[in-house]
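Residue-level listing of the chains:
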Amino acid sequence: MSRTVAGEFVAFGPSHWAALGMFAVGCAGLVLIGRAQRPGSGAGFTERARGFGRAYALAVVYVMVGTQVNALLPGQWRVGGSLPLQLCDLAWPAAVGALWTLGRRWFALTYYWGLTLSVQGLVTPALNGADYPGIDYLGFFGMHLMIVWAAVYLTWGLGMRPDWRDYRFAVAATVAWAVATSLFNAIAGTNYGYLNKKPGTPSILDLLGPWPWYVLVEAVIILLGWALITWPWTRVSGRARPPEP
């Protein structure tokens, strides 16, 4: 019914631009909120930061549990799209862990997955579903926005910084996901992570050649891109990094 009322989502249509505008406004607001929560002196995170982070984490869970349950309902369920095997399906629990604990491992995954792969999802959404206010639209953009906002809040708001240990951890976790998901795709005939073929909607993968070359090119781009967004934070030797809670 939502498809009939709302119509189909169109990339760079009014609802897409509205989501991108909300993304920009949310980033600016969360940076200001995070900076206001930084301690005036000394180390560690303030109680305000911990309280806000946990409230934000609960908000992410509230949004995502609803959309995940909807995907499992009769009539919505399909083995090729309902299982939480996309990388963004792992990124939002990582964001919840980072916001709740302010721990480095969770932050690393949120930083690298959120600021590259989730941003790509916002700019070139692989959304073959109902436009706003359909559940497909709300679930897709709700998930991606909250992941990227979490990364922005933690990095430019609270001042958490990645280093090369975080880089190696994020690469190892992503490789483990890619291997496990590729095996599942081969067994079940699915295409999670677009590791077996490109999405049906236009995306940046269209510029990277045919399968399997686009997967290899994408891996190289990710490794280099993640290195580039790590290097500026590590240029100054001895840069202080927030301690583990």
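You'll find the structure just up there.
This write-up is about the structure you can find in this document. Keep in mind that this is a model prediction, so the values were computed, not measured.

Some words on the overall build of the protein
Tallying secondary structure elements over the protein gives nine helices and zero strands in all. In the protein, the order of α-helices and β-strands from amino to carboxyl end is α-α-α-α-α-α-α-α-α. Here the C-alpha radius of gyration of the protein, 18 Å, is about what a compact globule of 245 residues would show, namely 18 Å. Expressed as a percentage of the 245 residues in the protein, the buried residues total 44%. Of the contacts made within the protein by residues no fewer than 6 positions apart, 72% connect residues no fewer than 24 positions apart. When the accessible surface of the protein is split by element, carbon and sulfur atoms take 70% of a total near 12,600 Å².

Here we look at the state of the cysteines
When the sulfur atoms of two cysteines share a covalent bond, that bond is a disulfide. Tallied over the full model, the rule gives zero disulfides. Between cysteine 27, a cysteine without a disulfide, and cysteine 88, which holds the nearest cysteine sulfur, the sulfur-to-sulfur distance is 15 Å. The exposure class of cysteine 88 is buried, given its relative accessible area of 13%.

A closer look at unusual backbone geometry
Following tyrosine 132, the chain continues into proline 133 via a peptide bond in cis, with omega recorded as 5°. Position of proline 133 among the secondary structure elements: in the loop between helix H5 (104-123) and helix H6 (135-157). Cis rather than trans, the peptide bond between tryptophan 211 and proline 212 has omega equal to 0°. Tracing the backbone through its elements, the reader meets proline 212 in the loop between helix H7 (164-188) and helix H8 (213-228). Positioned with a positive phi, phenylalanine 12 is a non-glycine residue whose angle comes to about 60°. Position of phenylalanine 12 among the secondary structure elements: in the loop between helix H1 (2-6) and helix H2 (14-36). The phi dihedral of tyrosine 194 is positive, around 55°, even though this residue is not glycine.

Some thoughts on the side chain of aspartate 131
Mapped onto the elements, aspartate 131 comes out in the loop between H5 and H6. Side chain to side chain, aspartate 131 and serine 15 meet in a polar contact 2.5 Å long.

Remarks on the nonpolar core
The biggest cluster of nonpolar side chains holds 56 residues, and the ones touching the most others in it are Tyr56, Val60, Leu99, Trp113, Phe141, Leu154 and Trp226. Contributions of two or more residues to this core are made by H2, helix H3 (47-71), helix H4 (87-101), H5, H6, H7 and H8. A total of 14 residues in this core trace back to one element, the largest contributor, which is H6. Setting aside chain neighbours within four positions, we find tryptophan 226 in contact with Tyr112, Trp113, Thr116, Leu117, Tyr167, Ala170, Val171 and Thr174.

Regarding the environment of leucine 183
You can see leucine 183 is positioned in helix H7. Separated by 70 residues in sequence, leucine 183 and tryptophan 113 have C-alpha atoms that sit 21 Å apart.

A closer look at the packing of H5 against H6
Where H5 contacts H6, the two axes come as close as 8 Å, and the packing angle between them is 135°. The angle between the axes of H5 and H6 places the two elements in the oblique class. The handedness of the crossing between H5 and H6 comes out as left-handed. Two secondary-structure elements touch here, H5 through Phe107, Thr110, Tyr111, Gly114, Leu115, Ser118, Val119, Gly121 and Leu122 and H6 through Phe140, Phe141, His144, Leu145, Ile147, Val148, Ala150, Ala151, Val152, Leu154, Thr155 and Trp156. Grouping the constituent residues of the contact of H5 with H6 by class yields 15 nonpolar, six polar and no charged.

Brief notes about the environment of tryptophan 92
Along the chain, tryptophan 92 turns up in helix H4. Judged by its relative accessible area of 13%, tryptophan 92 is buried. In sequence terms tryptophan 92 and isoleucine 147 are 55 residues apart; their C-alpha atoms lie 5.7 Å from each other. Those residues in contact with tryptophan 92 that lie beyond four places of it in its chain are Val60, Val61, Met64, Gln68, Met143 and Ile147. At a separation of 3.5 Å, a polar atom in the side chain of tryptophan 92 contacts the main-chain carbonyl oxygen of aspartate 89.

Here is what the cut-offs are and how they apply
- Residues numbered from 1 in each chain as written.
- Predicted model: local features only at pLDDT ≥ 70, side-chain atom pairs only at ≥ 80, totals over all residues.
- Heavy atoms only, no water.
- Helix = DSSP H or I, 4+ residues; strand = E, 2+ residues; numbered from the N terminus.
- Rg over C-alpha atoms; globule rule 2.2 N^0.38 Å.
- Buried < 20%, exposed > 50% of the residue type's maximum accessible area, 1.4 Å probe, protein only.
- Contact = heavy atoms within 4.5 Å.
- Areas by Shrake-Rupley, 256 points an atom, 1.4 Å probe, with all protein chains shown as cover.
- Disulfide = S-S within 2.5 Å.
- Polar contact = N/O pair within 3.5 Å; in protein donor to acceptor, adjacent residues only side chain to side chain.
- Core = buried A, V, L, I, M, F, W, Y, C linked by side-chain atoms within 4.5 Å.
- Axes fitted to C-alpha atoms, helices over the stretch in contact; angles between N-to-C directions.
- Parallel < 35°, antiparallel > 145°, perpendicular 65-115°, else oblique.
- Left-handed = near helix turned anticlockwise from the far one by under 90°.
- Nonpolar A, V, L, I, M, F, W, Y, C, P; charged D, E, K, R; others polar.

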